[in-house]
Amino acid sequence: MKYIFGNWKMYLDYAESNKLADQLKDLEIPKELCVGVFPSFLAVADVVKLLEGSGIVVGAQDAGYPSKGAYTSLISAQMLKAVGCTHTLLGHSERRYIFGDTNDVVRKKIEASLESGLVPVVCVGETREDLEDNKTEYRIKKQLVRAFDGLDLDGHEVIIAYEPVWAISKGGKGEPCSSEQAVHTHNFIRDEIRAYTNKQVPILYGGSVDESNVLSYVSKKEIDGVLIGSASTKINSFTSIITTICHKN
Ligand code: PGA
């Protein structure tokens, strides 16, 4: 199984999200692929409806905790589950480094997602500074321990996305991490995650993936799929990524 997840970030407004979902809904998705999209909170419920029966799963870009109550502006994991989301994207570097989500906050969001029956896609990755200081493994180990230590994952599904922060595009062309380097870090993550669960946890790569380089990642057995930002927001590039992977299989 290979995963192709599109993180639409704040690139698409309500109308644009619905339009893209409508364009995607008739794509043939082979059963060896899990295709998912992560629209904004505003669009997520309608995108779920549009994609019903399409085989494309829908997740949210974050999840609030607790589940209900006097928490102005929050949208909880439970509320997302109720409108048909199946996944939540948690600990994305834009949440961590722009909006201050700490490892503790990410952990609470993971717990809330699991309790609500959602599959958390937990993002980890080093900054450029970490990379230059040879702290990639230190950073990721810390993010993983704080996310999963002591958490009962029995009966739950979890996905990890390795996204080097320096490789994430700002909308244009970014600086992707080489697939060899990604494989190296995926192996490290796979070893680390054994401390928390015996299950096979899919590990996706994210950071400047597009139709020109996607095969270099998904053709590696260590890389279970890709999390795509910018290139997932345009119908031509997203469908060409999906068809490229289909033809490879
Ligand atoms: P990008 O974003 O593909 O635009 O680099 C990836 C991500 O942040 O998930």
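It should be noted that the structure appears before, not after, this text.
Below or above, wherever it landed, is the structure these notes cover. These numbers come from a predicted model, not from an experiment. (Residues numbered from 1 in each chain as written. Predicted model: local features only at pLDDT ≥ 70, side-chain atom pairs only at ≥ 80, totals over all residues. Heavy atoms only, no water.)

### Let's talk about the overall build of the protein chain
Point 1. For the protein chain, the count of helices and strands is ten helices and eight strands.
Point 2. Relative to a compact globule of 249 residues, whose C-alpha radius of gyration would be 18 Å, the protein chain shows 17 Å and is just as compact.
Point 3. Looking at the protein chain as a whole, 54% of its 249 residues qualify as buried.
Point 4. Counting contacts in the protein chain only where the partners sit at least 6 residues apart, residues at least 24 apart contribute 73% of the total.
Point 5. Of the roughly 11500 Å² of accessible surface on the protein chain, 52% is carried by carbon and sulfur atoms. (Helix = DSSP H or I, 4+ residues; strand = E, 2+ residues; numbered from the N terminus. Rg over C-alpha atoms; globule rule 2.2 N^0.38 Å. Buried < 20%, exposed > 50% of the residue type's maximum accessible area, 1.4 Å probe, protein only. Contact = heavy atoms within 4.5 Å. Areas by Shrake-Rupley, 256 points an atom, 1.4 Å probe, with all protein chains shown as cover.)

### Some thoughts on the site of the ligand
Point 1. The ligand sits among N7, K9, H92, E163, I168, S169, G207, S208, L227, I228, G229 and S230.
Point 2. In the environment of the ligand, an oxygen atom lies 2.7 Å from a nitrogen or oxygen atom belonging to the side chain of H92.
Point 3. S169 places a polar side-chain atom, nitrogen or oxygen, 2.6 Å from an oxygen atom of the ligand.
Point 4. Across the complex, the protein chains shield 99% of the 280 Å² of accessible surface that the ligand would expose by itself.
Point 5. Classifying every residue of the shell around the ligand by side-chain character gives three nonpolar, seven polar and two charged. (Near = heavy atom within 4 Å. Polar contact = N/O pair within 3.5 Å; in protein donor to acceptor, adjacent residues only side chain to side chain. Nonpolar A, V, L, I, M, F, W, Y, C, P; charged D, E, K, R; others polar.)

### Points about helix α1 (residues 14-24)
Point 1. For α1, the set of buried residues is S17, N18, L20, A21 and L24. All buried residues of α1 fall inside an arc of 165 degrees around its axis, so they share one side. Those residues of α1 that are exposed and aimed more than 90 degrees away from the buried face are A15 and K19.
Point 2. Looking at the buried side of α1, the elements it contacts are β2 (33-38), α2 (41-50) and α10 (235-248).
Point 3. The backbone nitrogen of A15 lies 3.2 Å from a side-chain oxygen of the residue at the head of α1, namely D13. (Arc of directions from axis to C-beta.)

### Let's talk about the packing of aromatic side chains
Point 1. This model, assessed by the stated rule, comprises five aromatic pairs.
Point 2. Through successive ring pairs, a cluster of aromatic residues spans Y3, F5 and F38.
Point 3. Directly above the ring of Y138 sits K135, whose terminal nitrogen or CZ lies 5.3 Å from the centroid. (Phe/Tyr/Trp six-rings, centres within 6.5 Å; stacked < 30°, edge-to-face > 60°. Lys NZ or Arg CZ within 6 Å of the ring centre and 35° of its normal.)

### Side note on the nonpolar core
Point 1. Grouped together as the largest cluster of nonpolar side chains are 63 residues, with contacts concentrated most on I4, V37, L144, F148, I160, I189 and Y205.
Point 2. The element that contributes the greatest number of residues to this core is helix α8 (residues 179-193), accounting for five residues.
Point 3. Setting aside residues no more than four positions away along its own chain, Y205 makes contact with Y162, P164, A167, P176, C177, A182, H186, Y217, I223, G225, V226 and L227.
Point 4. F38, L89, L204 and L227 belong to the second largest nonpolar core, which has twelve residues in total. (Core = buried A, V, L, I, M, F, W, Y, C linked by side-chain atoms within 4.5 Å.)

### Examining the pattern of salt bridges
Point 1. Applying the stated criterion across every chain, the model contains 15 salt bridges.
Point 2. Its salt-bridge partner being K9, residue E94 comes within 2.8 Å of it at the nearest N-O pair. Note that E94 is positioned in helix α4 (residues 93-98) and K9 in the loop between β1 (2-7) and α1, a separation of 85 residues in sequence.
Point 3. With a relative accessible area of 25%, E94 lands in the partly exposed category.
Point 4. Among the salt bridges present, the one from K49 reaches D46, with a minimum N-O distance of 3.6 Å. Of this pair, K49 and D46 both sit in helix α2, three residues apart, which is roughly one turn of the helix.
Point 5. Among the residues examined, K49 registers a relative accessible area of 57% and is labelled exposed.
Point 6. Overall, the relative accessible area of 24% leaves D46 in the partly exposed class.
Point 7. A single salt-bridge network, built from bridges that share partners, covers D62, R95, D101 and K109. (Salt bridge = Lys/Arg side-chain N within 4 Å of Asp/Glu carboxyl O.)

### Digging into the environment of L151
Point 1. Here L151 is to be found in the loop between α7 (136-148) and β6 (159-162).
Point 2. Judged by relative accessible area, which is 14%, L151 ranks as buried.
Point 3. Each C-alpha atom, one on L151 and one on D133, is 30 Å from the other, the two residues being 18 residues apart in sequence.
Point 4. Those residues in contact with L151 that lie beyond four places of it in its chain are R107, I110, E111 and L114.

### Remarks on the state of the cysteines
Point 1. The tally for this structure, following the rule as stated, stands at zero disulfides.
Point 2. The cysteine C85 is free of any disulfide, with C34 supplying the nearest cysteine sulfur at 14 Å.
Point 3. Sulfur of C177: no disulfide; nearest cysteine sulfur belongs to C123 and is 15 Å away. (Disulfide = S-S within 2.5 Å.)

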